[in-house]
Structure formats: C-alpha cells, structure tokens
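# Geometric and topological summary
Listed below are the residues making up each chain.
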Amino acid sequence: MKTTKKCQFCGKPFVTRSGMQRYCSEACQTEAKRARTAQKNNLFKVSLPLMEIQHQEYLTFSKAATLMGCSRQYIYKLVATGKLKASRISNRMAIIRRADIERMLEGNPYHRILPGSTSAPKKSASSSQSSKREIREKENDEVLNFYSGEEVMTIYKVKQSWLYTSAKRNRIPICRIAGKNYYSKRHIDEFFGVSVDISKITDWLQTEEAEEVFGMKPSALRAYAYRHKIPTKREYGRTYYSKSHLDELRRTDLVNDERYYTVEQVQRIYGLSSANICHIVKVKHIEKVKVGVKNLLLRSDVERVMAERNEQP
C-alpha cells in the first residue's frame, strides 16, 4: 500500500518512496536547505553584535543601545537627562562604561504596585483601612499642591495639547490621579512668570505693543521677562506682559528727562566719538543709566567733566 505524506516545504501531498522522505521533489529539498542556511546566517548576524560586546568594558552609543535593547536616540536621552554617564573623547566620539549602565539599572528598581493586585501579601482589616486612609490623605495633599488640567486651561487660556507638550518639554512635574493629569502649581506659576496676583494687574501689553514701546525683539523681550520675573499671561495663543512692571524696570520716562544726555546728544554737542565717550565714562565715573538699548548719562556729570577738559592746556 502506498503511503501519502505532506511536503514540509510546499505543503502539497505526495506519494512517498520511503518512510524517511519529507519533500515531494528535489527542488523542494534544495529550497528547504537554502532556507535553513539563510536562517542560520541571519541568526548569526543578529547574535554577532552581542558576541562582540560581551567582554567589552567601554561601549559606543550604538553598542550600548544594542546591549540594553533600545534605540540609540534613547541612549542620547538618558545621557542628556543625566541618568547615564558618558565620556567625550573628541567632537565625534563618546563612550559609556558598562559599569555605569549596571549602576543606573541598580539605582532605579521597579517597585510599582497596581491597585487591586493580589501579588502583595494580605493584611488585616485594620491595617488595610489605615493604609487606604494614608493613601487618600497623600493624594489629597498632592492635589492641593497641583493644578488640574482644567484649572490651568481656565486660568491661563491654553489648549490641552499645548499644555501637555509644554509640560513635557519644560519638565514640569505631572501627577496622574484617577485618570486625570495634575500639574505642579509652583512650576506652572514659574513657567508662566506669575510671581504676583495677576488678577490685580489691569494694564497688559501684547508682544507687538511691547516691541514698539520698548524697542525690543521678541526673543529679547521673552528673555528679559523671564530674567526679571515680569508677570505674563497667555490667552488663546497670545502672550501679554504687565505694562506697569515693564515701565518700572525699563524706566522709559528717563528718555525725555532733561537731567540726562543720550550718547548721541553728547556726540553732537561735544564732537566726540562713541569710543571716546565710553572711555571718559569709565575713567571719570560718570553716572550711567541703561534704558533699553540706550545709555543715558547724567547731564551734570557730563558738563563737569567737559569743563575740566576745556580748562586743561
């Protein structure tokens, strides 16, 4: 009686000539052999990088990514955030020690316990109630020190997508409770430049108005507001700056004050170059006030110094 088998390569039924036959034809046998060889070569190619770095103490970023099983971009992120140490040898070469990778992994154990999990040992009813009470109190304390996403969007007039992206980019602590995101109140206030109660401020300047009044570029205006903690607010994608705080710091009233000369006025009156004026201000200690990009010189000091220069032979 003839025996019928199924070809292990193409899957077609065929009549066997012997009990050891597995393929229907020599062509299927050759293709199956070629497939096994290719699979063995691919396995060797995959394991070759791991074999090479098995006994290496110093690794490049690519080899460190291979060792950890992640992307090279993630290694760059770990180094940039300070979680993983790296040593730069040249402008195009940096290495990571295997010991630093192991130390990073040992210093960040995973201890997360999911609510309702049965992996933790059972406790008595009193201890479980006390632990639930402590967790509830902790969550209440966290909520008091955090803004909810709806509160931030209502107060600062921003969109949800913009808020989440900006918080991630500026490393604002986020706490997730009961499916809602809560943002650190202190970090949010610092990010928006709120150091005073903005509800009491009535005069606000848009970016374009502040540029025109104070003669500053948008980048310089943002840096100046951040450096001097000028209250700002953001509504529907537009940034507003406190006019009273900018006036107090920039002192625009001094530009038209008769007690001060501008550098251009001193050049025109006394026929001096800007370099000569700068040297005289430093040597003679003339009082100088900087308003925007302009330097204002006290008029009495300038006239005194110029009179002394005229008296000299």
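Residues numbered from 1 in each chain as written. Predicted model: local features only at pLDDT ≥ 70, side-chain atom pairs only at ≥ 80, totals over all residues. Heavy atoms only, no water.

### Structural notes on the sheet that holds strand 10 (residues 232-235)
Strand pairing in a sheet relies on backbone hydrogen bonds. The paired strands run either parallel or antiparallel. The condition is simple: Following DSSP output, two strands are said to pair if at least two bridges run between them. Under the scheme used here, helices are H or I runs from DSSP no shorter than 4 residues and strands are E runs no shorter than 2 residues, and both carry numbers assigned from the N terminus. Angles shown run from 0 to 180 degrees and are taken between the N-to-C directions of axes, each axis being a line fitted to C-alpha atoms and, for helices, limited to the stretch in contact. Here a residue-residue contact requires only that any non-hydrogen atoms of the pair lie within 4.5 Å.
Taken in spatial order, the three strands of this open sheet run 9-11-10, and their pairing is antiparallel. Two strands in the sheet have a free side with no partner beyond their single neighbour: strand 9 (204-206) and strand 10. Neighbour-to-neighbour, the strand axes of this sheet turn through a mean angle of 35°, independent of strand direction. On top of the sheet, helix 9 (residues 207-214) reaches strand 9 and strand 11 (238-242); it is set at about 95° to strand 9, its chief contact.

### Regarding the pattern of salt bridges
The cut-off we apply is this: Take a side-chain nitrogen of Lys or Arg and a carboxyl oxygen of Asp or Glu: if they are within 4 Å of each other, that pair is a salt bridge. Relative accessible area decides the class of each residue, using a 1.4 Å probe on protein chains only: under 20% of the type maximum gives buried, over 50% gives exposed, and in between gives partly exposed.
Under the criterion given, the structure shown has six salt bridges. Between Glu 31 and Arg 34 there is a salt bridge; the shortest N-O distance is 2.7 Å. Remark: Arg 34 and Glu 31 occur in helix 1 (residues 26-52); sequence separation between them is three residues, near one turn of the helix. We classify Glu 31 as partly exposed; its relative accessible area is 36%. On the basis of relative accessibility, which here comes to 48%, the residue Arg 34 falls in the partly exposed class. Salt bridges here are not isolated pairs; linked through shared partners, they connect Arg 97, Asp 100 and Arg 103.

### Focus: the side chain of Ser 148
Looking at the secondary structure, you find Ser 148 in strand 6 (residues 146-148). The exposure class assigned to Ser 148 is buried, which follows from its relative accessible area of 11%. Contacts of Ser 148, omitting those with residues within four sequence positions, involve Asn 181, Tyr 182 and Tyr 183.

### Notes on unusual backbone geometry
The backbone phi angle of Arg 171 is positive, close to 55°, even though this residue is not glycine. Looking at the element boundaries, Arg 171 is found in the loop between helix 7 (160-169) and strand 7 (174-177). Its relative accessible area of 61% is what places Arg 171 among the exposed residues.

Fair warning: the whole summary comes from geometry, so function is off the table for now.
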